[in-house]
Amino acid sequence: MDDKVLRNLKADLSRQKAEVRSRIVLTINAHYERYQAAIKALQDTPKWLQDTREPLRALQDDAASLADTATAESGAYSAKLAQLERIRHHKKLLEFFLDAHRKVEWLERLVGIDFAAAQSEAAAAASRNPRTNRRVSTATVIPDTERLYVRDPAQLERVSLFLSLLRASVEPAAAQYAFLANLAPRLDVVRTICQRSAHALLTAQLDEFRAGRAGDVPTVHACARAYLYLDAWSQLVVGYITGLVDPVLLAARDVAGAGSGGKRQIPVYLRTVERELSKAPLTLLRHLRDVAPPAERELLSRHVLLRLLEGLEGGTTPATFSAAVPTAFHRNYVATVTFFRSMLDELGLADQLAAIPELHEFMRKWPVETYFQLIARQVTADLEPRADAGPAVIAALDRMHADFLPALVHRFYKLAAQLALRHHLALTTAPVTSCAHALQRLAGLGETHRAILASPLVAQHPSIAAGLAPLLAKGGDPLVRAWRAYLATELAEGCATVLRLTKTVASQYRATGRAAPTEASSFMPLAFKHVAELMATDDARALAEVEEGGDAVWRDVVPAVVQSATDTYLGIVTELLTTLKKTEESLKRLKMAKARHAGGGAVATTGGAAAVTDEDKIRMQIALDTEAFAAEIARLPHMDADAVERYVAPIRALLLEHRPGDSSWADESSST
């Protein structure tokens, strides 16, 4: 940057500085009075602050003095308030104690306790013996209550309820206040009397039920509620089990006795227990459950179930759970499962089975898998893989039903499926030798499938039926299709054998001088005769009686046979007519050549009606045979007019196609 530029820049800055300065001066001059007022206010501020500092300090000292005074007065007020609160609390405790004392005395009167008499007797005894002359307190004098009972169930229930409420209100404060704790022994005495009374009333009702007599249900309900109010439900559970359940178990043990080898007869024992429990114990149990809350209800039911389980386990040995003898194992296991399933329903524990580990542990002692392996080995060993083993499969399923265990339903389903598949495999590998044999196979398979689905093992267990039905259908469909195809093939071959005689028609009319035909060939009614005869056999009737067979087979086989026969007949007719046409053309060329050679000119046509040639006779016979073929098709089942027309139409069209140019052969046939 040169000097000229610097001088210019300096000049610009000086000029701008002068402009700014002039503007500031103008601004100050315009607001000069306001600036002077602001400056004066700022100069007076220190004096103003000095004048206000002393009043503010005095005000601050007054506020601190007032705060100290308020704090002192607040403390005094809080102390007075706390004292009043203690007085009010003590008053409430006193009122509560007096009210509780009156209620205790009222309960004591209801149960027959006389504490005043007991205190007087204790004081008299102390006065007679100066050495023990001490102040007698109601908290230490407990009267003799061994012979006190509440005989009325309703009063017992009422006393137990009020006692429960009173204990719930007194006991939380008794640990802190001695005068309330003095009421606890008196409440314990009342509670003891109530428990003794409830036990006596319940025992009497247990005796009534055990003797087979109808007990007093309201008394039972009152005792149960008394036990609930006294928080002694476990005592009721013990009393019920020892009073009703244990005698039943002892009696059942005596009835079951000892079988061969000193083993208890489990089915007899369980049947006896269930029968005896259903007479009275379960009836009383239902009455007790009616008044019990859910938790107490479950407690009673679980302890009864555990006692039954304990009674059963007491008579078992390791041999009881052995699967070495499948029949004995099945008998014992089924009896056990049936018994506990019934008891779970009666006790209301069916939906809580997973929460009873003791029962699960007991059921795991039964080696059901080993048992099933033995059963499966026996069943499969007795079943030979033969095509005629359908009845043996049904017998095996019946045996499996006799040995069935609900816990192994999936295993039994797999075994049943295995037996069915083995039977299908045996049928697949066994050849079919005749149409009658194929019908027998179809009927036998349908009957076997129907018998399998109707067998008790399948019919009584929907889960097995649901899996086995589609399996049978899937395994049987290939067999049915194969046997139907065999029937169609064999029957079609029989039809073809007859229809091949159509080839002899040409030899019957060519150069034989035979008259024109007026009826179908004698072999044509035999074309489907063997089909009708087969459908009239006992095997076909047996197949018709099978639910999944019968007409369903012929609806598939007959159209297939007719189609095959039609194709065969159409091929024969086509070949024959083609040959006729070639022969006619050859003869025509030969005649024309001879005529030209003899006359040396064009061949003259003869007038009048043309004579019926051998070829025309052959065509006429084929036409008559075709109509007879259609009539034979119409006689078959599942063949209506539309179906017949559909099969025969190609043959008729072929005849029209191969008719000679002159239709006199048709007119001649009609006149003949």
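What counts and what doesn't
- Within any chain, residue numbers begin from 1 and follow the written order of that chain's sequence.
- Totals for whole chains, interfaces and linings use all residues, but because this is a predicted model, local features are given only for residues with pLDDT of at least 70 and pairs of side-chain atoms are given and counted only at 80 or more.
- Side-chain calculation: all heavy atoms of the structure are included, whereas hydrogens and water are not.
- For the purposes of this entry, the term helix denotes a DSSP run of H or I that reaches at least four residues, the term strand denotes a run of E that reaches at least two, and both are numbered from the N terminus.
- Exposed residues in this analysis have more than 50% of their type's maximum accessible area, buried residues have under 20%, and partly exposed residues fall in between, with area computed by a 1.4 Å probe over protein chains only.
- Throughout, a residue-residue contact means that at least one pair of heavy atoms, one from each residue, lies within 4.5 Å.
- Per-residue accessibility takes into account occlusion by the displayed protein chains alone, with areas from the Shrake-Rupley method and a 1.4 Å probe.
- Within this analysis, patches are made of residues with over 30% relative accessible area and no salt bridge. Like charges are joined at 9 Å or less; nonpolar side chains (Val, Leu, Ile, Met, Phe, Trp, Tyr) at 5 Å or less.
- We count a salt bridge whenever a side-chain nitrogen from Lys or Arg sits within 4 Å of a carboxyl oxygen from Asp or Glu.
- Multiplying 1.5 Å by the helix residue count minus one yields the expected span of that helix.
- Throughout, bend refers to the angle between the axes fitted to the seven residues that end at a position and the seven residues that start at it.
- Take the buried Ala, Val, Leu, Ile, Met, Phe, Trp, Tyr and Cys residues and link them wherever side-chain atoms come within 4.5 Å; each set so joined is a nonpolar core.
- Axis lines are fitted through C-alpha atoms, for helices just across the contact stretch, and the angle between N-to-C directions can take any value from 0 to 180 degrees.
- Each angle receives one of four descriptions, namely roughly parallel if under 35 degrees, roughly antiparallel if over 145, roughly perpendicular if within 65 to 115, and oblique otherwise.
- Crossings are classed by handedness, with left-handed meaning an anticlockwise turn of the near helix from the far one by less than a right angle and right-handed meaning a clockwise turn.
- The classification used treats Ala, Val, Leu, Ile, Met, Phe, Trp, Tyr, Cys and Pro as nonpolar, Asp, Glu, Lys and Arg as charged, and all other residues, Gly among them, as polar.
- Pairing of N or O atoms within 3.5 Å defines a polar contact, subject to two protein rules: one partner must be a possible hydrogen donor and the other a possible acceptor, and residues neighboring in sequence count only if both atoms are side-chain atoms.
- The rule is short: rings of Phe, Tyr and Trp, with Trp giving its six-membered ring, pair when the centres are within 6.5 Å, and they are stacked under 30 degrees, edge-to-face over 60, tilted in between.
- Our definition puts a charge over a ring when NZ of Lys or CZ of Arg is within 6 Å of the ring centre and also within 35 degrees of the ring normal.
- A score between 0 and 100, pLDDT records how confident the predictor is in each residue.

Caption draft 1: Here's a closer look at the overall build of the chain. When helices and strands are counted, the chain shows 26 helices and zero strands. Scored against the burial criterion, the 672 residues of the chain give a buried share of 36%. The long-range share in the chain, meaning contacts at least 24 apart out of those at least 6 apart in sequence, stands at 79%. Surface summary for the chain: the accessible area is close to 38000 Å², and the carbon and sulfur share equals 56%.

Caption draft 2: Region of interest: a nonpolar patch on the surface. On the surface, a nonpolar cluster with roughly 550 Å² of combined accessible area is contributed by Val20, Ile24, Ile28, Tyr32, Tyr35 and Ile39. By the secondary structure assignment, Tyr35 is in helix 2 (residues 32–111).

Caption draft 3: Representation of unusual backbone geometry within the structure. Positive phi is not limited to glycine here, since Asp231 has a value of about 55°. Inspection of the secondary structure puts Asp231 in the loop between helix 7 (217–229) and helix 8 (233–256). Accessibility expressed as a relative area gives 68% for Asp231, which makes it exposed.

Caption draft 4: Broad picture of helix 19 (residues 462–499). Taking 1.5 Å of rise per residue, 38 residues should cover 56 Å, and helix 19 covers 53 Å from first to last C-alpha, within 8% of that figure. Maximum bend of helix 19: about 35°, positioned at Gly476, with proline Pro478 one to four residues after it.

Caption draft 5: Fine view of the nonpolar core. One finds Tyr240, Val273, Leu308 and Met400 to be the most contacted residues of the largest nonpolar core, which totals 108 residues. With eleven residues, the single largest contributor to this core is helix 8. With sequence-adjacent residues up to four places away left out, Met400 is seen in contact with Val379, Phe412, Leu415, Ala416, Leu419 and Leu457. By size, the runner-up hydrophobic cluster in this structure holds 56 residues, among which are Cys495, Leu543, Ala643 and Ile651.

Caption draft 6: Inspection of the packing of helix 6 (residues 184–210) against helix 8 at higher detail. In the contact formed by helix 6 and helix 8, the axes pass within 10 Å of each other and the chain directions differ by 25°. In this view, helix 6 runs roughly parallel relative to helix 8, as classed from their interaxial angle. For the pair helix 6 and helix 8, the crossing hand works out as right-handed. Between helix 6, through Gln195, Leu202, Leu206 and Arg210, and helix 8, the contact on the second element is made entirely by Gln235, Leu236, Gly239, Tyr240, Gly243, Leu244 and Pro247. Tallied by class, the residues present in the contact of helix 6 with helix 8 amount to six nonpolar, four polar and one charged.

Caption draft 7: Geometry of the pattern of salt bridges. Inspection of every chain in the model, using the stated rule, returns 29 salt bridges. Residue Glu627 is joined to Arg652 by a salt bridge in which the shortest nitrogen-to-oxygen separation is 2.8 Å. Pair noted here: Glu627 is in helix 24 (residues 614–635) and Arg652 is in helix 25 (residues 641–657), with a separation of 25 residues, a long-range link. It is possible to trace a salt-bridge network through shared partners that takes in Asp99, Arg102 and Lys103.

Caption draft 8: Seen up close, the packing of helix 24 against helix 25. Contact geometry of helix 24 with helix 25 gives a least axis separation of 10 Å together with a crossing angle of 175°. When the interaxial angle is binned, helix 24 and helix 25 end up roughly antiparallel. Residue-level inspection shows Ile622, Ala623, Thr626, Glu627, Phe629, Ala630, Ile633 and Ala634 of helix 24 in contact with helix 25, the latter providing Val644, Tyr647, Val648, Ile651, Arg652 and Leu655. In terms of residue class, the contact of helix 24 with helix 25 is made up of eleven nonpolar, one polar and two charged.

Caption draft 9: Here's a closer look at the side chain of Thr336. Mapped onto the elements, Thr336 comes out in helix 12 (residues 326–347). Given the relative accessible area of 0%, Thr336 is considered buried. In terms of polar contacts, Thr336 uses its side chain to reach the backbone carbonyl oxygen of Asn332, at 2.8 Å. Apart from the residues lying within four places of it in its own chain, the contact partners of Thr336 are Ile266, Leu270, Leu312, Phe362, Met363 and Trp366.

Caption draft 10: Molecular detail of the packing of aromatic side chains. This model, assessed by the stated rule, comprises 14 aromatic pairs. Measuring from ring centre to ring centre gives 5.9 Å for Phe329 and Tyr333, while their planes differ by 5°; the resulting arrangement is stacked. Of this pair, Phe329 and Tyr333 both sit in helix 12, separated by four residues, roughly a single helical turn. Arranged with centres 5.6 Å apart and planes meeting at 70°, the rings of Tyr333 and Trp366 form a pair that is edge-to-face. In this pair, Tyr333 is assigned in helix 12 and Trp366 in the loop between helix 13 (357–363) and helix 14 (368–382), connecting sequence segments 33 residues apart. Under the relative-accessibility criterion, Tyr333 is labelled buried at 7%. Cation over ring: Arg196 sits above Tyr149, and NZ or CZ is 5.6 Å from the ring centre.

Caption draft 11: Main features of the confidence of the model for the chain. Residue-level pLDDT values for the chain average 83, and 90% of them are 70 or greater. Predicted confidence is poor over residues 603–609, with pLDDT under 50, and the contacts of this stretch with residues over four places away or in other chains come to three contacts. Note on residues 662–672: pLDDT under 50 across the span, and 13 contacts to partners over four residues away in sequence or across chains.

Caption draft 12: Structural view of the environment of Phe404. Its location among the elements puts Phe404 in the loop between helix 15 (390–402) and helix 16 (409–429). Exposure remark for Phe404: the relative accessible area of 10% places this residue in the buried category. Sequence separation between Phe404 and Ile375 is 29 residues; the distance between their C-alpha atoms is 9.5 Å. Ignoring any residue separated from it by four or fewer positions in sequence, one finds Phe404 in contact with His330, Val334, Val409, Phe412, Leu457, His461 and Ile464.

Caption draft 13: Local environment of the environment of Ala335. Tracing the sequence through the fold places Ala335 in helix 12. Given a relative accessible area of 18%, Ala335 falls into the buried group. The sequence separation of Ala335 and Leu270 amounts to 65 residues, and the corresponding C-alpha distance is 7.0 Å. Dropping the residues within four chain positions of it, Ala335 is found in contact with Pro267 and Leu270.

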